[in-house]
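# What the coordinates show
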Amino acid sequence: MTDPDVQIKLIEIMRIIAKSDKPLGARLIADELQNRGYTIGERAVRYHLRVLDERGFTKKHGYIGRTITEFGLKEINDALIGDRLDMVITRIEELVYKTTYDPQEKKGNVIVDVSVIDKRDHEKAMDILKCAIDAGVSISPRIKVLDEGSEEGDISVPDGKFAIANVCSITYDGILLRNGIPSTLLYGGLMQMKAHKPVSFADIIGYSGTSLDPIKIFINKRSTSVLDYIESGTGKLLADLRYVPGSAKEKAREVMELAKGSDIGGYLAIGETGEDVFSVPVEKGKAGISVFTGSNVITAIAEAGIPVNAYPAYSIMDYNMMKKLE
C-alpha cells in the first residue's frame with residue numbers, strides 16, 4: 001500500500017536511476033536523495049527499490065544495483081515526472097466537474113475509460129467484454145464502440161484499431177458533486193473477492209501525488225484475476241475508494257441507489273463514519289465509499305492475452321450515446 005509521501009519518494013528514486021548510465025545501488029541513491037533534501041536512509045531505499053521492482057519500473061542486476069525499465073522510462077516520459085506530480089488527480093477533478101449526468105432525468109455526460117484494441121481481435125474481445133459485463137464487474141452494461149478513424153470529443157481511433165468506451169467509476173464523484181456532496185478520491189486498488197463477495201483491499205495506491213493513474217499501474221502489472229473471478233467467484237478485481245463527509249453518508253447512499261435505476265451501479269460499500277472500509281482506514285468524520293472500477297471489463301480482455309492500450313478516466317461522453325451489448 002502506497003501513501004502519497006511514499007509515492008513521491010518512489011518517483012524521485014526513478015528519476016535518479018534514469019539519469020545514470022550504469023546500475024545504481026541503494027547507498028548511492030540514498031546519498032543523492034540526501035542531496036535533494038529527502039531524509040531517507042539506505043535501508044528505506046532498499047524497501048522502495050523492491051516496490052519499484054514489483055511494479056516493473058526498475059530491474060535488479062544482482063548486487064550491482066538497479067536500472068530503469070522501458071515501462072519506467074515510459075512513465076517518466078509520458079507524465080513528465082517532477083513537473084506534473086498532481087496531473088492525475090488534477091485531470092480527474094476536471095472530469096468530475098464536467099460530469100452532468102442526472103440520475104432522475106437519466107441524461108447527461110458521464111466519465112469514460114477508453115481502451116484501444118487491434119481490429120483483428122474484435123470478435124474475441126467483444127465476447128470477453130460481454131462475459132465480464134454479464135458477471136457484474138462493471139459500473140454499467142452500457143458501452144460505446146468506436147471504429148478506426150473515428151473522432152469523438154478528444155477520442156481519436158488510429159487506423160487498424162477500434163476503441164471501447166465504458167463508464168468509469170469516478171462518474172459517481174461527479175454525480176455526488178451535482179447533488180451537493182463533496183467527495184475525495186483516495187485510492188485505486190485490488191479488491192480480494194471470495195464467493196462473489198468483496199473481502200478486503202489486497203493493495204492500494206494513492207491518487208494524490210502520482211503522475212500515473214493507480215488503476216493503470218495495476219493493469220500494466222497484470223495484478224488482477226478477473227477471469228478467475230468470472231469462473232469461480234474468487235479473484236482480485238479493480239476497485240477504488242473515496243470518502244464523503246459523514247453527515248452526507250445517507251444522502252450519498254440515496255443518490256447512488258437512484259443511479260442504479262439508470263444502470264450505473266457497482267458500488268461495494270458505504271462505510272460507517274470514521275470506520276475502516278475493507279481494511280483501509282478512513283479519517284474521523286468521514287465515510288468511505290468503495291466502488292468497482294469500469295476497467296475490470298477491459299482487464300478481462302487483457303488477461304485473455306489480447307493486447308490492450310487502456311486509458312482509465314480518459315474523457316466524458318453523453319450517457320445516452322452508450323448502448324448495452326446485445
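Please refer to the structure higher up on the page.
Residues numbered from 1 in each chain as written. Predicted model: local features only at pLDDT ≥ 70, side-chain atom pairs only at ≥ 80, totals over all residues. Heavy atoms only, no water.

## A closer look at the sheet that holds strand β11 (residues 267-270)
Taken in spatial order, the five strands of this open sheet run β9-β8-β10-β12-β11, and their pairing is antiparallel. Bordering the open sheet on either side are β9 (197-206) and β11, each of which pairs with just one other strand. With strand direction ignored, the average angle separating the axes of adjacent strands in the sheet is 30°. Pairing geometry for strand β8 (residues 184-194) and strand β10 (residues 235-245), over nine bridges, is antiparallel. The partner of L190 across the bridge, within β10, is L238. (Pairing = 2+ DSSP bridges. Helix = DSSP H or I, 4+ residues; strand = E, 2+ residues; numbered from the N terminus. Axes fitted to C-alpha atoms, helices over the stretch in contact; angles between N-to-C directions.)

## A word on the pattern of salt bridges
Summed over all chains, the structure comprises 17 salt bridges. For R46, the salt bridge goes to E42, with nearest N and O atoms at 2.5 Å. Of this pair, R46 and E42 both sit in helix α3 (residues 42-55), separated by four residues, roughly a single helical turn. Note on E42: relative accessible area 25%, which makes it partly exposed. The closest approach of N and O atoms between E250 and K249, which form a salt bridge, is 3.9 Å. Given the relative accessible area of 10%, K249 is considered buried. If you follow the salt bridges from partner to partner, you end up with K249, E250, R253 and E272 in one network. (Salt bridge = Lys/Arg side-chain N within 4 Å of Asp/Glu carboxyl O. Buried < 20%, exposed > 50% of the residue type's maximum accessible area, 1.4 Å probe, protein only.)

## Details of the packing of aromatic side chains
Both the distance between ring centres and the angle between the ring planes are used here to describe each pair of aromatic rings. Counted by the stated rule, this structure contains four aromatic pairs. Arranged with centres 6.4 Å apart and planes meeting at 90°, the rings of Y172 and Y267 form a pair that is edge-to-face. Remark: Y267 occurs in strand β11 and Y172 occurs in helix α7 (residues 171-178); sequence separation between them is 95 residues. The exposure class of Y267 is buried, given its relative accessible area of 14%. (Phe/Tyr/Trp six-rings, centres within 6.5 Å; stacked < 30°, edge-to-face > 60°.)

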